[in-house]
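Structural overview for review
Here's the letter readout for the chains.
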Amino acid sequence: MAAESKLSLQNALLTLEQLQHTPSMQDGFTEQQEDDMRQMGCHLIQSAGILLKLPQVAMATAQILFQRFFYQASLRKFAVRDISMGSIFLAAKVEECPCRMRDLVNVVDYLCKTFKRLPTIEPLALYGHEFYEMKNAAVIAEMQILKKLGFNVHVQLPYGIMVNYLKVLNLTDHPTIPQRAWGYLNDGLRTNVYICYQPPTIACSVVWLAAREAGVPLPTNPPWWEVLDASLEDVENIAGHIKTLYYRSLPISTLPLRIEQVEPWLVSQGQ
Amino acid sequence: MASVAASLSSRSAKQKAEVARNYQKDGKVGEGAYAVVYSGIQLSTKRKVAIKKIKLGQFRDGLDMSAIREVKTLQELRHPNVVELVEVFYQKTNLNLVLEFLESDLEMVIKDKSIVFMPGDVKHWMLMTLRGLDHCHRNWILHRDMKPNNLLIGHDGQLKIADFGLARDFGDRGRQLTSQVVTRWYRAPELLFGAREYGYGVDIWAVGCIFAELLLRNPYLPGNSDMDQINIMFQALGTPTEADWPGLSTLPNFMQYRQYPKTPLRLLFTAAGADTLELLESMLIYDPNKRISAREALLHPYFFNKPRPTKLENLPKPARETEQAVLKRKAAELGELTNAPKKR
């Protein structure tokens, strides 16, 4: 809560209770359905950020805000498209690289159409009904995020820490490890690891995973992760979470982006 | 999970309503670009607070950047010389920031000509300003709007830095910042020349100007346009050369300017001691890299030499204004705001 927040070198984390009984699950979503929706939202944010030429920190912050939000609110009440827009809009301000509303709306609209495999040639008419509706949705979403998160918009990211760890382990010049570990940090935003673990633990885990896949042995006596204050259990857990992303392709064209699409989708899923 | 350092908010709607009910709004005390400020009471503690009601939804671009900056930075800072953010709450569609309430500010004290400043008074105000600023800088936060009006003074005499609407973190080198910050009279030379990379030096320059203002009882460099500001600054401190300030001529808005000689500070500040002038001078060095830091300034002999800083309870305060006088003055200030030199 804002009232209790202190110097925030740490991120707000979930309690086990919050993780097991999310608002969406209480609202009739299965775990798989909720995961898919979260992944789609993060995919939308990351892609929009690239098109808007935002720095990666803004996209990372936006995805974390998005993830946090849906532990406070249900996917039945808030549309993934709107909250994604609100997250980008807010994160861009938090990270001091504000984006123009007009660009944001057009980019998100374009991506939503691509997700649905619809023709994407025309940008939205400026001041048209659709544009106006989306702009409004973004402003409201921003407010909802602030409200539900009690203005706790501070996000610590593991990118810098990871680079330091790579240096400590003499891995910065390795041909694949730094890039791969960085990629895992980006992809990990689509899972809940950023709201279950602190940034240094996540940084350890992606380095561990990347080094393991490259077949590079690292000191185990004492184990290097212990020197960096991470436990093997956490490191393996995070790595496992991130890896699950690659075993299932997201049925993105069928997932509901707007609130009026949610009910029919849930019904069709039930069959 | 592994650790629950700061768990996500899980307050129910009912609890949230109670938070709002804990505050009673009284009179309006000011109005800014994005917020209206009320004085109020925290009912559970009877503590007097300032409630900053942020206008939401009236803007095309959602919540104002300055509101986000203010909350983001104040959540991180806890220091006796930085204004405290007590709480943030929502009421209907309004966002309310609850801040400590302090009745006056340094500008009011300077303007109250019935008060005579003792050297020890100035020393204590400078000490508190620099302590608060050092805390900001050590947390990698630039204030970017240091001026007497933003240094609030409580009934106990404690000075606190307020208004973090322009504040931002500056740890990340190579990121471009805007030079359109700080109220003009307190704006550092690198900003006037359009520098896009700068650091804590901009706040220190402003503190130097405040220091000078405390000694003079008048604004030190009161330019009435950006050009005039440069002119007045050069007249007072001499025109800088490439030797004084390497890299000067590469700044975006640099221009050749007529050469003014440097006048020694002691000709203007006739009553100030040698240590006072030495500290002032090190804050007003043109080259931001040579300018003193808040930390170094706090260790300057000025703060250890006699006279000692005046005790908190003995610091002068502006005459207690009647409610009506406050409203009148605030109204006058509001009118002034539209004309007065202002950032952005």
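You'll find chain B entered in an unreviewed UniProt entry as [RNA-polymerase]-subunit kinase, with Actinomortierella ambigua given as the organism. Quoted verbatim from the Subcellular location (unreviewed entry) heading of the UniProt record, the comment on chain B is "Nucleus". In its Sequence similarities (unreviewed entry) section, the UniProt entry covering chain B states "Belongs to the protein kinase superfamily. CMGC Ser/Thr protein kinase family. CDC2/CDKX subfamily."

Named according to an unreviewed UniProt entry, chain A is Cyclin-like domain-containing protein originating from Actinomortierella ambigua. Its UniProt record gives chain A a comment under Sequence similarities (unreviewed entry), which states: "Belongs to the cyclin family."

As for helix 4 (residues 56-69) of chain A
The end-to-end C-alpha separation of helix 4 of chain A is 20 Å, in line with the 20 Å expected for 14 residues at 1.5 Å each. Across the 14 residues of helix 4 of chain A, 13 count as buried, placing the element largely inside the fold.

Some points on the packing of helix 3 (residues 31-51) of chain A against helix 4 of chain A
Residues and elements named next belong to chain A. As a packed pair, helix 3 and helix 4 sit with axes 9 Å apart at the nearest point and diverge in direction by 155°. Our classification of the angle between helix 3 and helix 4 gives roughly antiparallel. The interaxial crossing formed by helix 3 with helix 4 has right-handed handedness. Contact with helix 3, carried on its side by Met 37, Arg 38, Gly 41, Cys 42, Ile 45, Gln 46, Gly 49 and Ile 50, involves Gln 56, Met 59, Ala 62, Gln 63, Phe 66 and Gln 67 of helix 4 and no other residues of that element. When grouped by side-chain class, the residues that make up the contact of helix 3 with helix 4 number seven nonpolar, six polar and one charged.

Some words on the UniProt feature "binding site: ATP" (unreviewed entry) in chain B
Residues and elements named next belong to chain B. Summarizing the sequence annotation, UniProt attributes the feature "binding site: ATP" (unreviewed entry) to Val 29, Gly 30, Glu 31, Gly 32, Ala 33, Tyr 34, Ala 35, Val 36, Val 37, Lys 52 and Lys 53 in the numbering used throughout. Counting through the fold element by element, Ala 35 comes out in strand 3 (residues 35-42). For Ala 35, a relative accessible area of 4% translates into the label buried. Once residues lying within four places of it in the same chain are set aside, the contact partners of Ala 35 are Lys 52, Lys 53, Ile 54 and Lys 55.

Focus: the nonpolar core
Of all hydrophobic cores here, the largest spans 191 residues; its most connected members are Trp 125 and Met 283 of chain B. Per-element accounting of this core gives the leading share, ten residues, to helix 6 (residues 201-216) of chain B.

Some details on the confidence of the model for chain B
Residues and elements named next belong to chain B. On average, residues of chain B carry a pLDDT of 84, and 85% of them reach 70 or more. By mean pLDDT, the top-scoring element of chain B is helix 9 (residues 294-298) (96), and the lowest-scoring one is strand 1 (residues 6-7) (43). Scored below 50 in pLDDT, residues 1-7 makes 19 contacts in the model with residues more than four places away or belonging to other chains. Note that pLDDT drops below 50 for residues 338-344; the model gives that stretch 14 contacts with residues more than four away or on any other chain. At the level of chain-chain contacts, confidence expressed as ipTM amounts to 0.75, with global pTM at 0.82.

Thoughts on the packing of aromatic side chains
Any aromatic ring pair is given by two values, namely how distant the centres are and how the planes are angled relative to each other. Residue and element names in this part refer to chain B. Taken as a whole and assessed by the stated rule, the structure comprises 19 aromatic pairs over all chains. Seen in terms of ring centroids, Phe 117 and Trp 125 are 5.0 Å apart; in terms of plane orientation they differ by 65°. Their pairing is edge-to-face. Using a relative accessible area of 1% as the deciding quantity, one classes Trp 125 as buried. Residues Phe 193 and Trp 245 carry aromatic rings whose centres are separated by 6.4 Å and whose planes lie at 50° to one another, so their mutual orientation is tilted. Linking Phe 193 in the loop between helix 5 (189-192) and helix 6 with Trp 245 in the loop between helix 7 (226-237) and helix 8 (274-283), this pair joins segments that are 52 residues apart in sequence. Residue classification places Phe 193 among the buried residues on the basis of a relative accessible area of 1%. On the basis of relative accessibility, which here comes to 5%, the residue Trp 245 falls in the buried class. Feature note: the residues Phe 193, Trp 205, Phe 234, Trp 245, Phe 254, Tyr 257 and Tyr 286 constitute an aromatic cluster, connected by ring pairs.

So, unusual backbone geometry
Of note, the amide linkage connecting Asn 221 of chain A to Pro 222 of chain A takes the cis form, showing an omega dihedral of -5°. For Pro 222 of chain A, the location among the structural elements is in the loop between helix 10 (199-214) and helix 11 (224-227). Here the bond from Lys 306 of chain B into Pro 307 of chain B is cis, since omega is 0°, no more than 30 degrees from zero. Residue position: Pro 307 of chain B is located in the loop between helix 9 and helix 10 (323-339). Despite not being glycine, Glu 96 of chain A has its phi angle at roughly 60°, a positive value.

Looking at the sheet that holds strand 10 (residues 159-161) of chain B
Residue and element names in this part refer to chain B. If you walk across this open sheet you meet the three strands as 7-9-10, and the pairing is antiparallel. With one partner strand each, in any of the chains shown, strand 7 (104-105) and strand 10 form the two edges of the open sheet. The pairing of strand 7 with strand 9 (residues 151-153) spans two bridges and is classified as antiparallel. Directly across from Asp 105, in strand 9, lies its bridge partner Leu 152. Running at roughly 35° to strand 10, helix 4 (residues 119-138) makes contact with strand 9 and strand 10 of the sheet.

Focus on the pairing of strand 5 (residues 85-91) of chain B
Residue and element names in this part refer to chain B. Counting buried residues along strand 5, six of its seven residues qualify, which places the element largely inside the surrounding structure. Bridge analysis of strand 5 against strand 6 (residues 94-100) gives six bridges, and the strand direction is antiparallel. From the neighbouring strand, Val 88 faces strand 6, where its bridge partner is Leu 97. Hairpin connection, strand 5 to strand 6: the antiparallel pair is bridged by two residues, and Lys 92 has positive phi, about 50°.

Conventions adopted
- Residues numbered from 1 in each chain as written.
- Chains lettered and ligands numbered in written order.
- Predicted model: local features only at pLDDT ≥ 70, side-chain atom pairs only at ≥ 80, totals over all residues.
- Heavy atoms only, no water.
- UniProt positions renumbered as here; feature names shortened; annotations may be inferred.
- Helix = DSSP H or I, 4+ residues; strand = E, 2+ residues; numbered from the N terminus.
- Expected span 1.5 Å × (residues − 1).
- Buried < 20%, exposed > 50% of the residue type's maximum accessible area, 1.4 Å probe, protein only.
- Axes fitted to C-alpha atoms, helices over the stretch in contact; angles between N-to-C directions.
- Parallel < 35°, antiparallel > 145°, perpendicular 65-115°, else oblique.
- Left-handed = near helix turned anticlockwise from the far one by under 90°.
- Contact = heavy atoms within 4.5 Å.
- Nonpolar A, V, L, I, M, F, W, Y, C, P; charged D, E, K, R; others polar.
- Core = buried A, V, L, I, M, F, W, Y, C linked by side-chain atoms within 4.5 Å.
- pLDDT = per-residue confidence, 0-100.
- Phe/Tyr/Trp six-rings, centres within 6.5 Å; stacked < 30°, edge-to-face > 60°.
- Pairing = 2+ DSSP bridges.

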